[in-house]
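As a plain string of letters, each chain reads:
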Amino acid sequence: MGRYLLGRLVQMVFVLVAITAIVFLMLHLAPGDPLSTIMGTKYARVSDEALEEMRHNLGLDKPLPVQYVSWLGNVLRGDLGRSPILRQEIGPIIADRLKATAILAAAALAMAAPLGILAGVAAGVRRNSAGDRLISTVATLGICVPAFFLGQILILLFALRLNLLPAAGMHSVGESGLVDLLRHLILPAICLGAPAAAVIARMTRSSMVDVMAQGYVTTARAKGLRESLVTWRHAFRNALVSVITVVGLEIGFLLGGAVLVEVVFSWPGIGYLMWDAVLRRDFPMVQGAVFVVATSYVVINFVVDMLYATIDPRIRLGR
Amino acid sequence: MASTPITVSQATVRRGQTWRAMSRNSGVLIGGTIVLITILVAILAPVLAPMDPYVTNPARQLLPPGSPGHILGTDELGRDMASRLIYGARLSLGIGLLAALLASSTGLVLGTASGFFGGWTDTVVMRAMDIMLAFPYILLAIVIVAVIGPGLVNTLLAVAVLGIPFYVRVVRAAVLSIKEQEYVMAARIIGCTDRRIMGRTIVPNVMSPVITAFSLDVGWLILEAASLSFLGLGAQPPTAEWGAMLASSRQYFVLAPHVALLPGLCIFVLVLGCNLFGDGLRDALDPRLRVQ
């Protein structure tokens, strides 16, 4: 396990370094002077002497590798710079927004994983039955439906027509309680979790179909075990490795897909922040948000890999 | 175990079996029908559209579907929804297909080189793919568009880049299997150059999984492009593109839900059609990919 852990750690560090390089280079790959990208509309109003002084103060006149090391050092100390648009430190804003996205992603996963697993098991143990066909059809529809389309249907139905749930935001004006948060969380969590549930259901079904065809399942039945025991104690436990893999991969999807859902529901998460920053050309904010989300994704995938290796010894032993 | 060359009649029989498998697969039939209808609508847009999709008429804003002269209603600027949706099929389908073509071509080159040469080439290519896959799916497209700016062409490039790692992995896996075949070894023995072996022997045998991957992928790339347009980072107003139509109609959703629901429904149906077709094609073709 130690060698496998070390190998994956080295790979993770390599990918993280590459991510930091890409995020750093974003500013320099954008057309025009990096200073204009940072300053936005104010760039045209500042004199050349002032621009040169600003360039020197920000270290933009230094060679790129020196700038990168300086930027990386600041990032590792938690200093993601300052937003020229909001005129605030980026770190605290991102930390606050990341919490909102984590709440949304956790709620979506809490809904998607059990639903997807149960549906996948139900479909897989009764292959080609009417139930299997229905679940598979719904799962296919769930995978194909655009998040922004599903979100608008949910808003139209539950917020505008039935007036049951709020259409946008994380809290109502003047409210900050848990019940208010949960009411605001339901629709975006369904919108974000539905495609994930569909993917989990399909993969679980596929794994269960493979496992139910195995000899040990036939043996378990021949021993006279109840079908529920055969399914959950024998079949599902062997399908669990693939299920955990797909659930782990879906966590990454939830982080990425959150951008669209947060925009539809005006959920104040990091995805919404990033989208807004791109539209406003707030480059330092975009850099900070991309860095945090990409790093979180890599670390989560690493944790999932470790979990996978813990459950299945063949992985860590390289068999 | 020596591979037995197949005769011409055996190849003909296999092709017939493949066509029969495809024609019996409901996914291929339903999905293929949806995609074919969309392609026909896109090609015949100037004939099918009742009016110019860009002509505004402020006096006839947000008319509901079924209004006289506007079977699917009008949008916030009085433009005919049916016409905009018909012309939107061109852009939405076109971007997805072009992005998939770009991604598959690039993936074919990189994947073939990576699988065939191995060593440092393989390491560099696969580590680059790992880095690209380290970004959550739409984030990479947002990063690219943030750097090069919004717009239809930039969306096409960003979405194409998103698709490359998928094709590289498919092609590389196929090449690793194919390059151990005896006909490849025979080509080396008779003195063929690496370039000739890759071009005349490897690539033609890789095309089947690439085509299957293409059919599976194009739906996703259409969705990615529409998502970028929805975020305001893709096609810009007044372009008649389904994602952009959804984005510009959000603020009128309460008054006239049809302006947002109709483009969203079109995207959903097209993506569903592409996925059904791709899944069906994969199921029909997979047994034929095994080299006998």
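Values in this document were obtained by computation on a predicted structure and should not be read as measured data. (Residues numbered from 1 in each chain as written. Chains lettered and ligands numbered in written order. Predicted model: local features only at pLDDT ≥ 70, side-chain atom pairs only at ≥ 80, totals over all residues.)

> I'd like to hear about the overall build of chain B, residue by residue, with values.
Each helix and strand in chain B was counted, giving eleven helices and zero strands. Starting at the N terminus, the α and β elements of chain B follow one another as α-α-α-α-α-α-α-α-α-α-α. Counting only C-alpha atoms, chain B reaches 75 × 45 × 25 Å along its principal axes. For chain B, with 292 residues in total, the buried portion stands at 46%. Pairs at least 24 apart in sequence give 71% of the contacts found in chain B among residues at least 6 apart. (Helix = DSSP H or I, 4+ residues; strand = E, 2+ residues; numbered from the N terminus. Buried ≥ 20, exposed ≤ 12 C-beta atoms within 10 Å, placed from the backbone. Contact = placed C-beta atoms within 7 Å.)

> Tell me what's going on with helix H8 (residues 178–212) of chain A, and back it up with residues and numbers.
All names here are of chain A. Between the first and last C-alpha of H8 there are merely 43 Å, a value that for 35 residues lags more than 12% behind the 51 Å anticipated at 1.5 Å per step. At Leu 185, H8 shows its largest bend, some 35°, and a proline, Pro 188, comes one to four positions later. Burial analysis of H8 places 25 of its 35 residues in the buried class, the great majority of the element. (Expected span 1.5 Å × (residues − 1). Bend = angle between axes of the 7 residues up to and from the residue.)

> Tell me about the interface of chain B and chain A, residues and numbers included.
Taken together, the 31 residues of chain B in the interface contact 34 residues of chain A. At the level of elements, helix H5 (119–133), helix H6 (137–148), helix H9 (194–230) and helix H11 (258–285) of chain B are the ones that each hand at least two residues to the side of chain B that touches chain A. With eight residues, H11(B) is the largest single contributor of residues to the side of chain B that touches chain A. Per-class residue counts for the side of chain B that touches chain A are 26 nonpolar, four polar and one charged. (Nonpolar A, V, L, I, M, F, W, Y, C, P; charged D, E, K, R; others polar.)

> So what about the environment of Ile93(A)? Which residues, and what values?
For Ile93(A), the position within the fold is in helix H5 (residues 90–125). Beyond its immediate sequence surroundings of up to four residues, Ile93(A) is in contact with Gln88(A) and Leu273(A).

> How would you explain the nonpolar core if you had to name every residue and give the values?
One finds Ile200(A), Met274(A), Ala289(A) and Ile142(B) to be the most contacted residues of the largest nonpolar core, which totals 175 residues. The greatest single-element share of this core, amounting to 18 residues, is contributed by helix H10 (residues 227–265) of chain A. In this structure Ile200(A) touches Ala112(A), Ala113(A), Gly116(A), Ile117(A), Gly120(A), Val246(A), Val247(A) and Glu250(A), once residues within four positions along its chain are discounted. (Core = buried A, V, L, I, M, F, W, Y, C linked by C-beta atoms within 7 Å.)

> Talk me through the packing of H8(A) against H10(A); I want residue IDs and the actual numbers.
Residue and element names in this part refer to chain A. In contact at an axis separation of 8 Å, H8 and H10 are set at 160° when each is read in the N-to-C sense. Taken as axis vectors, H8 and H10 run roughly antiparallel relative to one another. Crossing hand, H8 versus H10: right-handed. Here the contact of H8 with H10 is composed, by residue class, of 22 nonpolar, five polar and one charged. (Axes fitted to C-alpha atoms, helices over the stretch in contact; angles between N-to-C directions. Parallel < 35°, antiparallel > 145°, perpendicular 65-115°, else oblique. Left-handed = near helix turned anticlockwise from the far one by under 90°.)

> Report on unusual backbone geometry, specifying residues and quantitative values.
In this structure, Pro238(B) follows Pro237(B) across a cis peptide bond, with omega equal to 5°. For Arg281(A), which is not glycine, the phi torsion reads 55° and is therefore positive. Here Arg281(A) is to be found in the loop between helix H11 (270–279) and helix H12 (283–311). A count of 19 C-beta atoms within 10 Å places Arg281(A) in the partly exposed class. The phi angle at Leu62(B) is positive, at roughly 50°, despite the residue not being glycine. Within the element layout of this structure, Leu62(B) appears in the loop between helix H3 (45–48) and helix H4 (81–117).

> Outline H9(B), listing residues and values.
With 37 residues, H9(B) extends only 45 Å from end C-alpha to end C-alpha; this falls clearly short of the ideal 54 Å at 1.5 Å per step. Roughly 45° is the biggest bend found in H9(B), and it falls at Val203(B), with proline Pro204(B) one to four residues downstream.

> Could you give an account of the packing of helix H7 (residues 147–161) of chain A against H11(B), with specific residues and numbers?
Two elements in contact, H7(A) and H11(B), have axes whose closest approach is 9 Å; the angle formed by their N-to-C orientations is 140°. One element, H7(A), and the other, H11(B), form an angle in the oblique class. Viewed along their axes, H7(A) and H11(B) form a crossing whose handedness is left-handed. Here H7(A) contributes Phe148(A), Phe149(A) and Gln152(A) to the contact with H11(B), which in turn contributes Ala260(B), Leu261(B), Gly264(B), Ile267(B) and Phe268(B). Each residue belonging to the contact of H7(A) with H11(B) can be placed in one class, and the counts come to six nonpolar, two polar and no charged.

> How would you summarise the environment of Ile142(B) if you had to cite specific residues and measurements?
One can find Ile142(B) in helix H6. Given 27 C-beta atoms within 10 Å, Ile142(B) falls into the buried group. For the pair Ile142(B) and Leu228(B), spaced 86 residues apart in the sequence, the C-alpha separation amounts to 7.6 Å. In contact with Ile142(B), other than residues within four places in its own chain, are Val259(A), Met274(A), Val278(A) and Leu233(B).

> Could you give an account of the confidence of the model for chain B, naming the residues involved and the relevant values?
Looking at chain B, pLDDT values average 86 and 92% of them are 70 or higher. Segment residues 288–292 of chain B: pLDDT under 50, and eight contacts once partners within four positions in sequence are set aside and those in other chains are kept. (pLDDT = per-residue confidence, 0-100.)

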